[in-house]
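# Structure at a glance
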Amino acid sequence: MSSLDIRELEAFLVLAEELHFGRAGERLYVSQSRVSQLLRSLEGRIGAPLVERTSRRVGLTPLGESFLASLRPAYDALRGAVDEARAAARSLDGVLRIGFQGTVDDYLARAITGFEERFPQCAIEVAEIALSDPFGPVRRKEVDCAVVLLPVAEDDLRLGPVFSRQPQTLAVSARHPLARRASVSAEELAGCRLIGIQDSAPEYWRLAQAPRETPGGLPIPAGPLVNTLQEGLSLTAADRGAMLLCRSTAEYHGHRGSIAFVPVEGLPDSLLGVVLRRGNGTPQAEAFAQVVAETLAEGTA
C-alpha cells in the first residue's frame, strides 16, 4: 500500500467507464499507451488481470468487476475528503501576523504573495522584530509566527521551514582599515570590536550573531550592545564597532556611503527560519509555514 500510485487507480476507474483506451487517455490527458502502462502496473500489484483486451472490445474480468465495486466508493470518499480540505483551506480568514528581523527579502516577499493568492480572505500584517528580542513577540502572541535568524532552541517554540542561506559579511565604517578589502578571513575578526546584542535575547543566539572568538580560538573584542539593527548600523557608521550581517541585509543597506560591507570567509552561513508556537499556534501560521515550504521547494526544483 505504501507504494500504491493513485494514478493507476484513476486510470482503471476511467477505463472501466469508457471501456476504450483511447477515450480513457483523452479524459486523463495522457496517451493511450500511458493508460495501458498504468493498468499493467496496477494488475502487477494485484497479481491478476482486471481487464480483458481483444481486438474488438475491452471488458472487465470478474475480478475487475469486484475490484471496481469496492474501489469506487473508497475513491469517491478520498476525493471528497480532499475537496473538503481544499474548501476549508480556501476559507481561511482572519489575520496572519508575521514578524521579521532585518529586511523582507525577495524570497519572503514571494511567500507572502503566494499566501495572499491562496487565502485572499486572510489579511496579512507584517511587523519588524527587534534584533534583541527574536522570540518574544511569538511567545507573547504579538505575532503568529516570525522569520528570524537561527539558531532556535526554545522549548515552547518550534522551527518551521529553514531558508535564505546567506554568506556573512562584516559591516564596518567606511573609515575602517578593512573597508576597502575584497574580503576578510574569520580569524581577522580578532582585530575588530564586534557590536553585540542586548541580553534580552538568549545567550546562545546572541553568540551566534556576535561570537566572542574566531573559529581558530582567537578572542574577539566586544563592542557596544544594541537592541535594533538600525542602532547597530548607526554605531557602525560612527566607527564604534563592526557588525556581522547576512549578505541580503548588507545588499539592502548597501546604499549607505558611511558603511562598507566586506564578505567574511570561514564563517558558517547565516540562516533564516520560520518560528511558530508549539502546541497552541494558529491555523494561519501553519498555513503560512506550508506556503514557505512550498516556495522553497519551487525555488530548488
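Located above this text is the structure these notes cover.
What you see is a predicted model, and the numbers here were worked out from it, not measured in a lab.

Quick look at the packing of helix 1 (residues 6-18) against helix 2 (residues 21-28) now. Relative to each other, helix 1 and helix 2 sit at 130 degrees, their axes nearing to 9 Å. Classified by the angle between their axes, helix 1 and helix 2 sit oblique to one another. Crossing of helix 1 over helix 2 shows right-handed handedness. Every residue of helix 2 that contacts helix 1 at Glu10, Ala11, Val14, Leu15, Glu17 and Glu18 is listed here: Phe21, Arg23, Ala24, Arg27 and Leu28. Per-class residue counts for the contact of helix 1 with helix 2 are six nonpolar, no polar and five charged.

Okay, helix 3 (residues 32-46) next. For helix 3, built from 15 residues, the straight-helix expectation of 21 Å at 1.5 Å per residue is met to within 8% by its first-to-last C-alpha distance of 21 Å. All buried positions along helix 3 are accounted for by Val35, Ser36, Leu38, Leu39, Leu42 and Glu43. One side of helix 3 holds all its buried residues, which, seen down the axis, span an arc of 165 degrees. Every exposed residue of helix 3 that faces more than 90 degrees away from the buried side is listed here: Ser33 and Gly44. Immediately downstream of helix 3, the backbone of glycine 47 shows phi near 100 degrees, a positive value.

Spatial ordering of the open sheet is given by 8-12-7-11, a layout of four strands whose pairing is mixed. Edge positions in the sheet fall to strand 8 (184-185) and strand 11 (243-246), since each has one partner strand and no second. Both strand 7 (residues 168-173) and strand 11 contribute to a ladder of four bridges, which runs antiparallel. Residue pairing for strand 11: threonine 169 is matched across the bridge by leucine 245.

It is worth spelling out the nonpolar core at this point. Membership of the largest hydrophobic core comes to 51 residues, with the highest contact counts inside it found for Phe115, Cys145, Val147 and Phe288. Those residues in contact with phenylalanine 115 that lie beyond four places of it in its chain are Leu92, Leu96, Cys122, Ile124, Gln284, Ala287, Phe288 and Val291. Val14, Leu39, Leu50 and Leu60 belong to the second largest nonpolar core, which has 17 residues in total.

Across its 13 residues, helix 1 extends 18 Å between first and last C-alpha, which sits within 8% of the 18 Å expected from 1.5 Å per residue. Among all positions in helix 1, only Glu8, Leu9, Ala11, Phe12, Leu13, Val14, Leu15 and Ala16 are buried. Positive backbone phi, at 50 degrees, marks leucine 19, one or two positions downstream of helix 1.

Once that is clear, we can look at the pattern of salt bridges. Pairing is possible between side chains of opposite charge, provided their charged atoms come close. Counted according to the given criterion, the structure contains 18 salt bridges. Residue glutamate 17 pairs with arginine 27 through a salt bridge whose shortest N-O separation is 2.8 Å. Within this pair, whereas glutamate 17 is found in helix 1, its partner arginine 27 is found in helix 2, the two being separated by ten residues in sequence. A salt bridge links arginine 27 to glutamate 18, with the nearest nitrogen and oxygen atoms 3.0 Å apart. Salt bridges here are not isolated pairs; linked through shared partners, they connect Glu17, Glu18, Arg23, Arg27, Arg72 and Asp76.

Cut-offs applied
- Residues numbered from 1 in each chain as written.
- Predicted model: local features only at pLDDT ≥ 70, side-chain atom pairs only at ≥ 80, totals over all residues.
- Heavy atoms only, no water.
- Axes fitted to C-alpha atoms, helices over the stretch in contact; angles between N-to-C directions.
- Helix = DSSP H or I, 4+ residues; strand = E, 2+ residues; numbered from the N terminus.
- Parallel < 35°, antiparallel > 145°, perpendicular 65-115°, else oblique.
- Left-handed = near helix turned anticlockwise from the far one by under 90°.
- Contact = heavy atoms within 4.5 Å.
- Nonpolar A, V, L, I, M, F, W, Y, C, P; charged D, E, K, R; others polar.
- Expected span 1.5 Å × (residues − 1).
- Buried < 20%, exposed > 50% of the residue type's maximum accessible area, 1.4 Å probe, protein only.
- Arc of directions from axis to C-beta.
- Pairing = 2+ DSSP bridges.
- Core = buried A, V, L, I, M, F, W, Y, C linked by side-chain atoms within 4.5 Å.
- Salt bridge = Lys/Arg side-chain N within 4 Å of Asp/Glu carboxyl O.

Nothing here speaks to function; it is all geometry.
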